[in-house]
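Structural overview for review
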Amino acid sequence: SQELEQSPQSLIVQEGKNLTINCTSSKTLYGLYWYKQKYGEGLIFLMMLQKGGEEKSHEKITAKLDEKKQQSSLHITASQPSHAGIYLCGADPRGSTLGRLYFGRGTQLTVWP
Amino acid sequence: DTAVSQTPKYLVTQMGNDKSIKCEQNLGHDTMYWYKQDSKKFLKIMFSYNNKELIINETVPNRFSPKSPDKAHLNLHINSLELGDSAVYFCASSQGAGAEQYFGPGTRLTVT
């Protein structure tokens, strides 16, 4: 099975600071998905990366997949309280057509004003 | 407009009972999923259906039986509930497996 390690497990930052969350796999990532979960709610899709070296941005969030396709990072610029939540990375282990996503254990982000 | 909805949102029941959770999506997607999130927030896939056919069945006790009456619905029936079944169950859908999945709000199941 695909094992995804996320770091850090939790992160507390002051509003306006930049931060990075990492997601590392022991196997090649054929599809890497970033989601955000707020307490008591479902997951919100952020971005999907598939190609080595790929980088995508949405508003103040940038996600990258390294060339070897074994590590992804999520970077938030000038964090805001609205960014608080649990960030989860999920991966399709084989690039299969089954949609079987394995998730990391999440990074709890707290942004204080 | 609710994209993926689940009912009920909360479910409290006793050990040994049988219960069902319902999921509906109005996105026109052809693939639907059930995930379980445990108390440590670990999210794990359970089942996946594509066009009403089961395509993923992870190592899940056979007390759990998914049913898909049509492409827009995927229900989860659980027999003989156990304490360890307490978790949040999420339904998700996508247009084709491999595309981004859209999640419902979750059903918090508590077994006492």
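Structural notes on the overall build of chain A
Along its length, chain A carries 0 helices and 11 strands. Helices and strands in chain A line up, N terminus first, as β-β-β-β-β-β-β-β-β-β-β. What you see for chain A is a C-alpha radius of gyration of 13 Å, in line with the 13 Å of a compact globule of 113 residues. C-alpha extents for chain A along the principal axes are approximately 40 × 30 × 20 Å. Here chain A holds 113 residues, and the buried ones make up 48% of them. Long-range contacts, defined here as pairs at least 24 residues apart, represent 54% of the contacts in chain A between residues at least 6 apart.

Considerations on the sheet that holds strand S1 (residues 4–7) of chain A
Residues and elements named next belong to chain A. Read from one edge of the open sheet, 5 strands run S1-S3-S8-S7-S6, paired in antiparallel fashion. Edge strands, defined here as strands with exactly one partner in the open sheet, are S1 and strand S6 (55–58). When the angles between neighbouring strand axes are averaged without regard to direction, this sheet yields 15 degrees.

Quick look at unusual backbone geometry
Serine 7 of chain A connects to proline 8 of chain A through a cis peptide bond whose omega is -5 degrees. One can find proline 8 of chain A in the loop between S1 and strand S2 (10–14). We note that serine 80 of chain B has phi near 45 degrees; this positive angle belongs to a residue other than glycine. Assignment of secondary structure puts serine 80 of chain B in the loop between strand S8 (73–78) and strand S9 (87–94).

Section: the sheet that holds strand S3 (residues 19–25) of chain B
All names here are of chain B. One open sheet holds the 4 strands; their spatial order is S1-S3-S8-S7, and the pairing between them is antiparallel. This sheet does not close on itself; its edge strands, each paired only once, are strand S1 (4–7) and strand S7 (64–70). This sheet shows a mean twist of 20 degrees between the axes of neighbouring strands, independent of strand direction.

Considering the state of the cysteines
Residues and elements named next belong to chain B. Under the definition given, this model contains 2 disulfides over all chains. Through a disulfide, cysteine 23 is tied to cysteine 91; the S-S separation comes to 1.8 Å. Looking along the S-S bond of the cysteine 23-cysteine 91 disulfide, the torsion reads about -75 degrees, which is the left-handed sense. Within this pair, whereas cysteine 23 is found in strand S3, its partner cysteine 91 is found in strand S9, the two being separated by 68 residues in sequence. A relative accessible area of 1% means that cysteine 23 is categorised as buried. Overall, cysteine 91 belongs to the buried group, its relative accessible area being 0%.

What to know about the nonpolar core
With 22 residues, the main nonpolar core has Leu19, Ile21, Leu32, Trp34, Leu74, Tyr87 and Leu109 of chain A as its most contacted residues. Where this core is concerned, the elements lending two or more residues are S2, strand S3 (19–25), strand S4 (32–37), strand S5 (43–49), strand S7 (61–65), strand S8 (71–76), strand S9 (85–91) and strand S11 (107–112) of chain A. Once residues lying within four places of it in the same chain are set aside, the contact partners of leucine 74 of chain A are Leu19, Thr20, Ile21, Trp34, Met47, Ile61, Thr62, Ala63 and Tyr87 of chain A. Listed in part, the 20 residues of the second largest apolar core include Phe47, Tyr49, Phe64 and Leu76 of chain B.

Here's the deal with the confidence of the model for chain A
For chain A, the average pLDDT comes to 90, and 92% of its residues sit at 70 or higher. Across chain A, element-level confidence peaks in S2 of chain A with a mean pLDDT of 97 and bottoms out in strand S10 (residues 102–103) of chain A with 88.

Some words on the pattern of salt bridges
Here the idea is simple: oppositely charged side chains can pair when their charged atoms come close. Taken as a whole and assessed by the stated rule, the structure comprises 4 salt bridges over all chains. The salt bridge partner of lysine 64 of chain A is glutamate 55 of chain A, with a shortest N-O separation of 3.9 Å. A relative accessible area of 48% means that glutamate 55 of chain A is categorised as partly exposed. Among the ionic pairs, arginine 63 of chain B bridges to glutamate 82 of chain B, the shortest N-O distance being 3.5 Å. Taken as a pair, arginine 63 of chain B in the loop between strand S6 (53–57) and S7 and glutamate 82 of chain B in the loop between S8 and S9 lie far apart in primary sequence, 19 residues in all. Assessed through its relative accessible area of 42%, glutamate 82 of chain B is described here as partly exposed. The network of salt bridges with shared partners includes Arg63, Glu82 and Asp85 of chain B.

Definitions and limits used
- Residues numbered from 1 in each chain as written.
- Chains lettered and ligands numbered in written order.
- Predicted model: local features only at pLDDT ≥ 70, side-chain atom pairs only at ≥ 80, totals over all residues.
- Heavy atoms only, no water.
- Helix = DSSP H or I, 4+ residues; strand = E, 2+ residues; numbered from the N terminus.
- Rg over C-alpha atoms; globule rule 2.2 N^0.38 Å.
- Buried < 20%, exposed > 50% of the residue type's maximum accessible area, 1.4 Å probe, protein only.
- Contact = heavy atoms within 4.5 Å.
- Pairing = 2+ DSSP bridges.
- Axes fitted to C-alpha atoms, helices over the stretch in contact; angles between N-to-C directions.
- Disulfide = S-S within 2.5 Å.
- Core = buried A, V, L, I, M, F, W, Y, C linked by side-chain atoms within 4.5 Å.
- pLDDT = per-residue confidence, 0-100.
- Salt bridge = Lys/Arg side-chain N within 4 Å of Asp/Glu carboxyl O.

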